[in-house]
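Reading the structure
Below, each chain spelled out in residue letters.
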Amino acid sequence: MSTTFAIGQYLNFKNSDGPGYFFQNFYIGKNSTFDGHSYNFLPFGFSGTTVSRQGDNVESNLVFPNNALSRPWAIDAIRSRWVAKVRTMLLSPEDSNAEPTLLYFYVGQVSAGGWAPTTLTLKLDSVLDAVSRGIPHRTINQNLCGPL
């Protein structure tokens, strides 16, 4: 007997008006419960994270279908700088209620966006930016780590 698994994402948008929005991109037409919240199906893609050598920024992109339903809330997300938490999960393809396994998560703030004829993209920047937010850089040295 073999068990098959799949990979999907769970997305949580936080805005200033309340608990936010919860979406997942794997179980088509179904809801999935995780961490006490019901995640509705929404087709979206999540691009990988990029980090500069200086550690000054981390950014990712969320891609959604471009339609009359997605544009108004996307504009609000950009203007209000919503925070998004994307969890990449190992899922059971057969059971939307099975407990998923967390593989990776990313937290970013919506900083920009735009749309093409069929897609809408939101750019997420790291909520901790060492260059513009004044967080001091730390380098590995003997005082912090002991003998190197």
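Residues numbered from 1 in each chain as written. Predicted model: local features only at pLDDT ≥ 70, side-chain atom pairs only at ≥ 80, totals over all residues. Heavy atoms only, no water.

**What about the overall build of the protein chain?**
If you tally the helices and strands in the protein chain, you get 2 helices and 10 strands. The order of helices and strands in the protein chain, counted from the N terminus, is β-β-β-β-β-β-β-α-β-β-β-α. Per-residue burial over the protein chain gives 33% buried out of 148 residues. Pairs at least 24 residues apart make up 52% of the contacts formed inside the protein chain by residues separated by at least 6 positions. Counting every atom, the protein chain has about 9100 Å² of accessible surface; 55% of that belongs to carbon and sulfur. (Helix = DSSP H or I, 4+ residues; strand = E, 2+ residues; numbered from the N terminus. Buried < 20%, exposed > 50% of the residue type's maximum accessible area, 1.4 Å probe, protein only. Contact = heavy atoms within 4.5 Å. Areas by Shrake-Rupley, 256 points an atom, 1.4 Å probe, with all protein chains shown as cover.)

**What about the pattern of salt bridges?**
A full pass over the atoms with the stated rule returns 2 salt bridges. A salt bridge links Arg87 to Asp35; its shortest N-O distance comes to 3.9 Å. Here Arg87, found in strand E8 (residues 83-91), pairs with Asp35, found in the loop between strand E3 (32-34) and strand E4 (37-41); they are 52 residues apart in sequence, far enough to count as distant. A salt bridge links Lys123 to Asp125, with the shortest nitrogen-to-oxygen separation between them at 3.9 Å. The exposure class of Lys123 is partly exposed, given its relative accessible area of 27%. With relative accessibility at 16%, the residue Asp125 sits in the buried group. (Salt bridge = Lys/Arg side-chain N within 4 Å of Asp/Glu carboxyl O.)

**Section: the side chain of Ser92**
Structurally, the position occupied by Ser92 is in the loop between E8 and strand E9 (101-115). Residues in contact with Ser92, not counting those within four places in the same chain, are Phe26, Tyr27 and Ala98.

**Comments concerning the environment of Val83**
Mapping Val83 onto the fold places it in strand E8. We classify Val83 as partly exposed; its relative accessible area is 28%. Taking the C-alpha atoms as reference, Val83 lies 9.6 Å from Ser16; in sequence the two are 67 residues apart.

**A look at the nonpolar core**
Leu11, Phe13, Leu62, Phe64 and Leu122 are the most contacted members of the largest nonpolar core, which totals 18 residues. Every element with two or more residues in this core is listed here: strand E1 (6-14), strand E7 (58-65), helix H1 (70-80), E8, E9 and strand E10 (119-126). Residue contributions to this core peak at 3 residues, all from E10. Setting aside chain neighbours within four positions, we find Phe64 in contact with Leu11, Phe13, Leu42, Pro43, Phe44, Trp73, Thr118, Thr119, Leu120 and Leu122. Within the second largest apolar cluster, 7 residues are counted, among which are Tyr10, Phe22, Phe34 and Leu91. (Core = buried A, V, L, I, M, F, W, Y, C linked by side-chain atoms within 4.5 Å.)

**Observations regarding the pairing of E4**
Pairing of strand E2 (residues 21-24) with E4 involves 2 bridges; the strand directions are parallel. Within E4, the position partnered with Phe23 by the bridge is Asn40. Relative to E4, E3 runs antiparallel, the two sharing 3 bridges. Considered in E4, the bridge of Phe34 is made with His37. (Pairing = 2+ DSSP bridges.)

**Section: the pairing of E10**
Strand direction decides the pairing type here: E9 and E10, joined by 7 bridges, are antiparallel. Considered in E10, the bridge of Gly108 is made with Ser126. If you look at the hairpin formed by E9 and E10, you'll find 3 residues sitting between the two strands.

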